[in-house]
Amino acid sequence: MIFGHLPAGYITSKLLFNKLEARTGFYKAFMFWGMLGAIAPDLDLIYYYTIDVYKNPHHTYPTHLPFFWLILILISILWLRLNNHSQNPAFAFIFSFNGLIHLILDTFTGSVFWLEPLSSTPFSFVSLDLEYSSWGLNYFAHWAFVLELFIIWWSIFLRLKKH
Ligand SMILES: [Zn+2]
(Lines give C-alpha, C1' and ligand atoms only; values in the text may rest on other atoms or scores of the structure.)
Protein backbone atom coordinates (compact mmCIF):
# COMPACT_ATOMS: atom_id res chain seq x y z
CA MET A 1 0.00 0.00 0.00
CA ILE A 2 1.26 3.48 -0.82
CA PHE A 3 -1.29 6.26 -0.21
CA GLY A 4 -3.36 4.67 2.57
CA HIS A 5 -0.71 4.46 5.29
CA LEU A 6 -0.77 8.03 6.55
CA PRO A 7 -4.61 8.33 6.51
CA ALA A 8 -4.81 4.93 8.25
CA GLY A 9 -2.44 6.23 10.94
CA TYR A 10 -4.68 9.26 11.32
CA ILE A 11 -7.78 7.06 11.75
CA THR A 12 -6.34 4.66 14.35
CA SER A 13 -4.65 7.46 16.32
CA LYS A 14 -7.80 9.55 16.37
CA LEU A 15 -9.97 6.59 17.44
CA LEU A 16 -7.52 5.44 20.12
CA PHE A 17 -6.88 8.91 21.50
CA ASN A 18 -10.12 8.74 23.51
CA LYS A 19 -8.94 5.51 25.15
CA LEU A 20 -5.53 6.89 26.03
CA GLU A 21 -6.62 10.46 26.71
CA ALA A 22 -6.16 10.00 30.44
CA ARG A 23 -2.50 9.22 29.73
CA THR A 24 -1.84 12.06 27.37
CA GLY A 25 -3.79 15.26 27.04
CA PHE A 26 -1.41 16.26 24.30
CA TYR A 27 -3.49 15.45 21.19
CA LYS A 28 -1.09 16.84 18.58
CA ALA A 29 1.93 14.94 19.90
CA PHE A 30 -0.13 11.75 20.10
CA MET A 31 -1.25 12.18 16.46
CA PHE A 32 2.33 12.94 15.43
CA TRP A 33 3.71 9.71 16.93
CA GLY A 34 0.77 7.72 15.58
CA MET A 35 1.19 8.98 12.03
CA LEU A 36 4.96 8.58 12.19
CA GLY A 37 4.45 4.93 13.21
CA ALA A 38 2.07 4.44 10.28
CA ILE A 39 4.82 5.26 7.78
CA ALA A 40 7.84 4.17 9.86
CA PRO A 41 8.20 0.71 8.25
CA ASP A 42 8.66 2.34 4.83
CA LEU A 43 11.59 4.44 6.06
CA ASP A 44 13.57 1.27 5.32
CA LEU A 45 13.31 2.26 1.65
CA ILE A 46 16.11 4.75 2.33
CA TYR A 47 18.34 1.81 3.30
CA TYR A 48 17.03 -0.20 0.33
CA TYR A 49 17.93 2.50 -2.22
CA THR A 50 21.20 3.69 -0.72
CA ILE A 51 23.00 0.92 1.18
CA ASP A 52 21.39 -2.38 0.11
CA VAL A 53 20.96 -1.07 -3.48
CA TYR A 54 18.00 -3.29 -4.49
CA LYS A 55 19.68 -6.51 -3.23
CA ASN A 56 16.91 -7.69 -0.87
CA PRO A 57 13.22 -6.76 -1.07
CA HIS A 58 12.49 -4.24 1.70
CA HIS A 59 9.68 -6.48 2.99
CA THR A 60 12.39 -8.87 4.21
CA TYR A 61 13.92 -6.24 6.53
CA PRO A 62 13.13 -6.36 10.28
CA THR A 63 11.18 -3.09 9.84
CA HIS A 64 8.65 -5.00 7.71
CA LEU A 65 8.41 -8.06 9.99
CA PRO A 66 5.26 -8.27 12.16
CA PHE A 67 7.38 -9.97 14.85
CA PHE A 68 9.46 -6.80 15.26
CA TRP A 69 6.36 -4.58 15.72
CA LEU A 70 4.65 -7.08 18.06
CA ILE A 71 7.68 -6.92 20.35
CA LEU A 72 7.55 -3.10 20.28
CA ILE A 73 3.82 -3.21 21.13
CA LEU A 74 4.45 -5.61 24.03
CA ILE A 75 7.24 -3.41 25.38
CA SER A 76 5.03 -0.31 25.14
CA ILE A 77 2.14 -2.08 26.95
CA LEU A 78 4.53 -3.15 29.72
CA TRP A 79 5.82 0.43 29.90
CA LEU A 80 2.21 1.72 30.10
CA ARG A 81 1.56 -0.61 33.04
CA LEU A 82 4.77 0.19 34.89
CA ASN A 83 4.68 3.93 34.45
CA ASN A 84 1.52 5.77 35.43
CA HIS A 85 2.84 9.28 35.14
CA SER A 86 4.57 9.77 31.84
CA GLN A 87 2.78 10.16 28.51
CA ASN A 88 5.73 8.66 26.61
CA PRO A 89 4.48 5.04 26.86
CA ALA A 90 1.21 6.15 25.19
CA PHE A 91 3.24 7.67 22.35
CA ALA A 92 5.33 4.48 22.09
CA PHE A 93 2.17 2.39 22.02
CA ILE A 94 0.43 4.30 19.22
CA PHE A 95 3.69 4.41 17.23
CA SER A 96 4.19 0.63 17.35
CA PHE A 97 0.48 -0.18 17.00
CA ASN A 98 0.34 1.77 13.74
CA GLY A 99 3.56 0.10 12.59
CA LEU A 100 1.74 -3.24 12.80
CA ILE A 101 -1.33 -1.81 11.01
CA HIS A 102 1.05 -0.76 8.22
CA LEU A 103 2.07 -4.40 7.74
CA ILE A 104 -1.58 -5.56 7.67
CA LEU A 105 -2.25 -3.00 4.93
CA ASP A 106 0.91 -4.00 3.03
CA THR A 107 -0.45 -7.56 2.95
CA PHE A 108 -3.22 -6.27 0.64
CA THR A 109 -0.79 -5.05 -1.99
CA GLY A 110 2.23 -7.32 -1.55
CA SER A 111 3.57 -10.08 0.62
CA VAL A 112 4.59 -9.90 4.26
CA PHE A 113 6.50 -12.51 6.25
CA TRP A 114 3.90 -12.96 8.99
CA LEU A 115 5.42 -16.08 10.53
CA GLU A 116 9.02 -14.89 10.65
CA PRO A 117 11.17 -16.03 12.58
CA LEU A 118 9.27 -19.37 12.74
CA SER A 119 8.91 -19.70 8.99
CA SER A 120 9.98 -17.53 6.09
CA THR A 121 6.93 -18.12 3.93
CA PRO A 122 5.60 -14.87 2.49
CA PHE A 123 1.88 -14.25 2.82
CA SER A 124 -0.49 -12.00 0.89
CA PHE A 125 -4.27 -11.35 0.85
CA VAL A 126 -4.15 -10.91 -2.91
CA SER A 127 -2.88 -12.90 -5.83
CA LEU A 128 0.33 -11.30 -6.99
CA ASP A 129 0.03 -12.44 -10.59
CA LEU A 130 0.25 -9.30 -12.64
CA GLU A 131 -2.65 -8.82 -15.02
CA TYR A 132 -1.32 -5.81 -16.91
CA SER A 133 2.10 -4.93 -18.15
CA SER A 134 2.12 -1.52 -16.50
CA TRP A 135 2.76 -1.10 -12.79
CA GLY A 136 0.18 1.70 -12.56
CA LEU A 137 -2.64 -0.35 -14.10
CA ASN A 138 -1.86 -3.31 -11.88
CA TYR A 139 -1.99 -1.07 -8.84
CA PHE A 140 -4.92 1.23 -9.57
CA ALA A 141 -7.15 -1.33 -11.31
CA HIS A 142 -6.86 -3.76 -8.38
CA TRP A 143 -9.68 -4.13 -5.84
CA ALA A 144 -7.19 -3.43 -3.04
CA PHE A 145 -7.03 0.13 -4.35
CA VAL A 146 -10.72 0.53 -3.44
CA LEU A 147 -9.75 -0.32 0.14
CA GLU A 148 -7.07 2.36 -0.05
CA LEU A 149 -9.61 4.92 -1.35
CA PHE A 150 -11.97 3.92 1.46
CA ILE A 151 -9.22 4.55 4.07
CA ILE A 152 -8.55 7.97 2.55
CA TRP A 153 -12.28 8.78 2.53
CA TRP A 154 -12.67 7.62 6.17
CA SER A 155 -9.78 9.80 7.34
CA ILE A 156 -11.27 12.87 5.62
CA PHE A 157 -14.66 12.04 7.13
CA LEU A 158 -13.12 11.85 10.64
CA ARG A 159 -11.21 15.07 10.07
CA LEU A 160 -14.32 17.01 9.02
CA LYS A 161 -16.71 15.42 11.49
CA LYS A 162 -17.97 17.69 14.24
CA HIS A 163 -17.52 16.23 17.72
ZN1 LIG B 1 5.43 -0.89 3.74
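Conventions adopted
Counting of residues starts from 1 at the beginning of each chain's written sequence and follows it residue by residue. Reporting of local features is limited, given that this is a predicted model, to residues whose pLDDT is at least 70; pairs of side-chain atoms are given and counted only at 80 or more, and all residues count toward the totals for whole chains, interfaces and linings. The basis for the side-chain values is all heavy atoms of the structure; hydrogens and waters are excluded. Aromatic rings from Phe, Tyr and Trp, with only the six-membered ring used for Trp, were paired whenever their centres fell within 6.5 Å, and each pair was classed as stacked if the ring planes differed by under 30 degrees, edge-to-face if by over 60, and tilted otherwise. Using a 1.4 Å probe on the protein chains alone, a residue whose accessible area is under 20% of its type maximum counts as buried, one over 50% counts as exposed, and one in between counts as partly exposed. Counted as donors are the N, O and S atoms within 2.8 Å of the metal, or 3.2 Å for Na, K and Ca, while water is not among the atoms, so some sites may look incomplete. Runs of E in the DSSP output that reach at least two residues are strands. Runs of H or I that reach at least four are helices, and both are numbered from the N terminus. Neither His nor the chain ends is counted toward charge; the positive residues are Lys and Arg and the negative residues Asp and Glu. Salt bridge, as used here: a side-chain nitrogen of Lys or Arg that lies within 4 Å of a carboxyl oxygen of Asp or Glu. Definition of a polar contact: a pair of N or O atoms within 3.5 Å, with one able to donate and the other able to accept a hydrogen when the atoms are protein atoms, and with sequence-neighbouring residues admitted only if both atoms are side-chain atoms. Any two residues whose heavy atoms approach within 4.5 Å at even a single point are treated as in contact.

Student: Help me understand the packing of aromatic side chains in this model?
Tutor: Each aromatic ring pair is summarised here by two numbers: the centre-to-centre distance and the angle between the ring planes. This structure, assessed with the given rule, holds 24 aromatic pairs. Taking the centre distance of 4.8 Å and the plane angle of 90° together, the rings of phenylalanine 140 and phenylalanine 145 count as edge-to-face. Classification of phenylalanine 145 by relative accessible area gives buried; the value is 15%.

Student: Help me understand the coordination of the zinc ion, please; the structure alone is not making it clear to me.
Tutor: Coordination angles at a metal have ideal targets, namely 109.5 degrees for four tetrahedral donors and 90 or 180 degrees for six octahedral donors. Taken together, the protein donors to the zinc ion comprise Asp42 (OD), His64 (NE2), His102 (NE2) and Asp106 (OD), at separations of 2.1 to 2.3 Å. Ordering the donors of the zinc ion by residue number gives the pattern D-x21-H-x37-H-x3-D. With aspartate 42 in the loop between α2 (27-39) and α3 (44-50) and histidine 102 in helix α5 (residues 88-106), this residue pair connects regions lying 60 residues apart in the sequence.

Student: So what exactly am I meant to see when it comes to the side chain of aspartate 52 here?
Tutor: Following the sequence through the fold, aspartate 52 ends up in the loop between α3 and α4 (66-82). Buried charged residue aspartate 52 carries no salt bridge. Nearest counter-charge: lysine 55, at 4.6 Å. Separated by 2.6 Å, the side chains of aspartate 52 and tyrosine 61 make a polar contact. Excluding anything up to four places from it in sequence, aspartate 52 contacts Tyr47 and Tyr61.

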